[in-house]
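Coordinates in review
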Amino acid sequence: MDAVVARMMLLRDGSEHLRLKRVARAVLSPQRIQALEPSMRELAAELLPLDRPGDLDFVAEVAKEFPLRVLGKLLGIDESDLDMVLAGSDAITAIVSGLDHTVDPEIHRRARTLYEYALRLVRERREKSGEDGISALVRAADEEGLDDVDTASNLVMLIASGHQTMPGFLSISMHNALTSQGTSAFEVDRALAQVTPSRFVGRVATADIEVGGCRIRAGDKVLVLLAAANWRSNSSGKGARHLAFGYGRHRCAGAAMAELEGSVMFERMAEAVHAGARLVGTGLEWNGDANLPSLTKLPIRIARSTAPLSDR
Ligand code: HEM
């Protein structure tokens, strides 16, 4: 899988990176994202039902499911393939992200299954193009003259980055709302600054530079702590300015989509909190990932009584 990972835009630079980013922008255009809003709302209501009191695991049933299914709609992936896509994307993240680099063959097998699936979709959509995101990706990739390995690798990158950060963002924000902050935890910019779902990014310095009294030499590997920058902006009271999506050329290509997903889902989560949703049991568990922290379990109880605010 290392050859596939090496083709991903996150790890490319200069004009190669720009071509790949243009292709990603064709999929994540403002029009395509905006068109998803009604189905995001439907999905949020389906996954977090307020008229059926009962217990649910917020992480498995909402925080993971919501971004995955939205991504399926954006790209035009069959719902029946989403379990395999999720397993493959978790595997890619285990290979690419954080401080660990897994050598577990089963994880590499799952990642490869996703890559081969992506390659098949790219070829199918070239034969029979439609209005879906993968067709748009293939058209843009063909215009840029990308080969299929580049196109499929970056489709995998889009899939993995499209939902790996959202579960942590949604689950930690829900936990913050239910334990201490109430619905103020659901202001998107503030929550992004506070949670920083992707805590750091890696860079290699291309020139000697001094940052905050620290001398960095060309060639040094640098871990840039976005969470630390956001901590400063939180503590200075300027929470709306944040670096949760990174900065510069590699700034998140899906930022607008993540913001829309956050605001739609947060609205529903706020309704659940207003309607009396609460934590149950002691089932809080963390994934232990230094870069992409997330709860892996968050059991909540939807209250018996009220209809959502929007229905009153
Ligand atoms: C709360 C949610 C999200 C957060 C916090 C987040 C954060 C980030 C960060 C920090 C980077 C920059 C990495 C770097 O500079 O090395 C990044 C890159 C990227 N993100 Fe996101 N992301 C989120 C959601 C999404 C979504 C929903 C998508 C797509 C559907 C997406 C697609 C991408 C892509 C393609 C890149 C690579 C950009 C490049 O290398 O130029 N992200 N993201």
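Residues numbered from 1 in each chain as written. Predicted model: local features only at pLDDT ≥ 70, side-chain atom pairs only at ≥ 80, totals over all residues. Heavy atoms only, no water.

**A closer look at the site of the ligand**
Neighbouring the ligand are 28 residues, the closest being His17, Lys21, Arg203, His250 and Cys252. Measuring from an oxygen atom of the ligand, one finds a side-chain N or O atom of His17 at 2.7 Å. If you list the elements that add at least two residues to the shell around the ligand, you get helix 2 (14-27), helix 10 (148-164) and strand 2 (200-204). Broken down by element, the shell around the ligand gets its largest block of residues, four residues, from helix 10. Tallied by class, residues from the shell around the ligand come to 16 nonpolar, eight polar and four charged. (Near = heavy atom within 4 Å. Polar contact = N/O pair within 3.5 Å; in protein donor to acceptor, adjacent residues only side chain to side chain. Helix = DSSP H or I, 4+ residues; strand = E, 2+ residues; numbered from the N terminus. Nonpolar A, V, L, I, M, F, W, Y, C, P; charged D, E, K, R; others polar.)

**Details of the coordination of the iron atom of the ligand**
One donor from the polypeptide reaches the iron atom of the ligand: Cys252 (SG), at 2.3 Å. Inspection of the secondary structure puts Cys252 in the loop between helix 13 (226-235) and helix 14 (255-274). (Donors = N, O, S within 2.8 Å, 3.2 Å for Na, K, Ca; no water.)

**Comments concerning helix 14**
Between its terminal C-alpha atoms helix 14 stretches 28 Å, which fits the 28 Å expected from 20 residues at 1.5 Å a residue. Counting buried positions over the 20 residues of helix 14 gives 15, a clear majority of the element. (Expected span 1.5 Å × (residues − 1). Buried < 20%, exposed > 50% of the residue type's maximum accessible area, 1.4 Å probe, protein only.)

**A word on the side chain of Gln164**
For Gln164, the position within the fold is in helix 10. Judged by relative accessible area, which is 16%, Gln164 ranks as buried. At a separation of 2.8 Å, a polar atom in the side chain of Gln164 contacts the side chain of Ser89. Only 3.4 Å separates the side chain of Gln164 from the side chain of Thr93, close enough to count as a polar contact.

**Details of the packing of aromatic side chains**
Within the structure shown, the criterion is met by two aromatic pairs. Measuring from ring centre to ring centre gives 5.2 Å for Phe186 and Phe266, while their planes differ by 45 degrees; the resulting arrangement is tilted. Within this pair, whereas Phe186 is found in the loop between helix 11 (166-181) and helix 12 (188-195), its partner Phe266 is found in helix 14, the two being separated by 80 residues in sequence. The rings of Phe169, Phe186 and Phe266 are connected pair by pair, giving a single aromatic cluster. (Phe/Tyr/Trp six-rings, centres within 6.5 Å; stacked < 30°, edge-to-face > 60°.)

**Describing the sheet that holds strand 9 (residues 299-302)**
Strand pairing in a sheet relies on backbone hydrogen bonds. The paired strands run either parallel or antiparallel. Spatially, three strands are ordered 1-9-6 in an open sheet, and the strand pairing comes out antiparallel. Looking at which strands have only one partner, the edges of the open sheet turn out to be strand 1 (54-57) and strand 6 (278-279). Examined bridge by bridge, strand 1 and strand 9 share four bridges and lie antiparallel to one another. Residue pairing for strand 9: Leu56 is matched across the bridge by Ile300. (Pairing = 2+ DSSP bridges.)

**Some details on the pattern of salt bridges**
Counted under the stated rule, the structure contains 23 salt bridges. A salt bridge links Arg12 to Asp150; its shortest N-O distance comes to 3.0 Å. Taken as a pair, Arg12 in the loop between helix 1 (2-6) and helix 2 and Asp150 in helix 10 lie far apart in primary sequence, 138 residues in all. On the accessibility criterion, Arg12 (11% relative accessible area) is buried. In this structure Asp150 comes out as buried when scored by relative accessible area, which is 7%. For Glu144, the salt bridge goes to Arg22, with nearest N and O atoms at 2.7 Å. On the criterion of sequence distance, the pair formed by Glu144 in helix 9 (residues 133-144) and Arg22 in helix 2 is long-range, its members being 122 residues apart. Residue classification places Arg22 among the partly exposed residues on the basis of a relative accessible area of 42%. Overlapping salt bridges, with partners in common, bring together Arg7, Arg12, Glu16, Asp147 and Asp150 in one network. (Salt bridge = Lys/Arg side-chain N within 4 Å of Asp/Glu carboxyl O.)

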